[in-house]
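Read off the chains here:
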Amino acid sequence: MVDSTMVLWGQTIVYTLYALAVLIVIGTIAYKLTRPGTPRVPPALFYGFAALLIVVGVSLHLITYNTIPWAAADLERDSVTPNKVFAIGAANHAFAMPSPRLEITCGDRVLFRVTSADLTYGFGLFRQDHSMLFQMQVVPGHPNDLLWTFEKNSVYDIRSTEYSGPAGVGMGVDNAVEVTGCTAGS
């Protein structure tokens, strides 16, 4: 599975270049339109440019779709049996963990099944540098689960990623998930 940090950087670079190209072309057209004596931009050129932007924009979406790390796992979800299932509760602005630390072996497919007894919460795993690995919304009265394959040794914090009122601001569990067993350099 591709790490979400790499996906974020890749998409940031690609979409930034795309946006800069759009701005440069639009800026050039606007500059030329404001100069006296500049010939009018032919409608065919303008609409051709708009069509090119649409084709390139849609192509970028199609190309980057398969880089999203959880897409394949969700598409095959009915045929996947997780190695571990963790049932986690959320109520009164706190997570109820099955154990103080969830221990995971490298390569395990883990199903996080989170239930809420009262409010809508978020459930996110965060790296030690505070960047997010993944998250989902936890809605009371509905199944809320997320399947993830862990491929790096690390310790993660759990944080609520959804506003649930002022009392939910610090909702989380530090050092809640530990992944071990990956080879050095992964």
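Residues numbered from 1 in each chain as written. Predicted model: local features only at pLDDT ≥ 70, side-chain atom pairs only at ≥ 80, totals over all residues. Heavy atoms only, no water.

Structural notes on the overall build of the protein chain
What the protein chain contains, in helices and strands, is 3 helices and 9 strands. From first element to last, N terminus to C terminus, the protein chain shows the α and β order α-α-α-β-β-β-β-β-β-β-β-β. The C-alpha radius of gyration computed for the protein chain amounts to 23 Å, which surpasses the reference 16 Å derived for 186 residues by more than 25%, pointing to a less compact arrangement than a globule. In terms of overall dimensions, the protein chain has a C-alpha envelope of 75 × 40 × 30 Å along the principal axes. Burial status across the protein chain gives 30% buried among its 186 residues. When contacts within the protein chain are restricted to residue pairs at least 6 apart in sequence, long-range pairs at least 24 apart make up 67% of them. Put simply, the protein chain shows about 11,300 Å² of open surface, and 64% of that area lies on carbon and sulfur atoms. If the 11 positive side-chain charges of the protein chain are averaged to one point and the 14 negative ones to another, these points end up 14 Å apart. (Helix = DSSP H or I, 4+ residues; strand = E, 2+ residues; numbered from the N terminus. Rg over C-alpha atoms; globule rule 2.2 N^0.38 Å. Buried < 20%, exposed > 50% of the residue type's maximum accessible area, 1.4 Å probe, protein only. Contact = heavy atoms within 4.5 Å. Areas by Shrake-Rupley, 256 points an atom, 1.4 Å probe, with all protein chains shown as cover. Lys, Arg positive; Asp, Glu negative; His and termini not counted. Charge placed at Lys NZ, Arg CZ, Asp CG, Glu CD.)

Details of the environment of P82
On the secondary structure map, P82 appears in the loop between α3 (71-75) and β1 (84-91). Sequence separation between P82 and D108 is 26 residues, and the spatial gap between their C-alpha atoms is 7.5 Å.

A few points about the pattern of salt bridges
Taken as a whole, this structure holds 3 salt bridges when the rule is applied. Ionic pairing is found between D108 and K84, a salt bridge with its closest N-O pair at 3.9 Å. Residue D108 is found in the loop between β3 (102-105) and β4 (109-116), and its partner K84 is found in strand β1; the two are separated by 24 residues along the sequence. You can call K84 partly exposed: its relative accessible area is 26%. E178 is the salt-bridge partner of R101, the closest N and O atoms lying 3.0 Å from each other. Taken together, the residues span a long stretch of sequence, with R101 in the loop between β2 (94-96) and β3 and E178 in strand β9 (residues 172-180) at a distance of 77 residues. The exposure class assigned to R101 is partly exposed, which follows from its relative accessible area of 30%. (Salt bridge = Lys/Arg side-chain N within 4 Å of Asp/Glu carboxyl O.)

Observations regarding the sheet that holds β3
Strand order in the open sheet formed by 5 strands is β3-β9-β8-β5-β6, and the pairing between neighbours is mixed. Since the sheet does not close on itself, it has two edges, and those belong to β3 and β6 (132-138), each with one partner. Along the sheet, successive strands turn relative to each other by an average axial angle of 20 degrees, direction set aside. Across 5 bridges, strand β8 (residues 154-159) lies against β9 in antiparallel orientation. Within β9, the residue paired with I158 across the bridge is V173. (Pairing = 2+ DSSP bridges. Axes fitted to C-alpha atoms, helices over the stretch in contact; angles between N-to-C directions.)

Any functional reading would require information that these geometric values do not contain.
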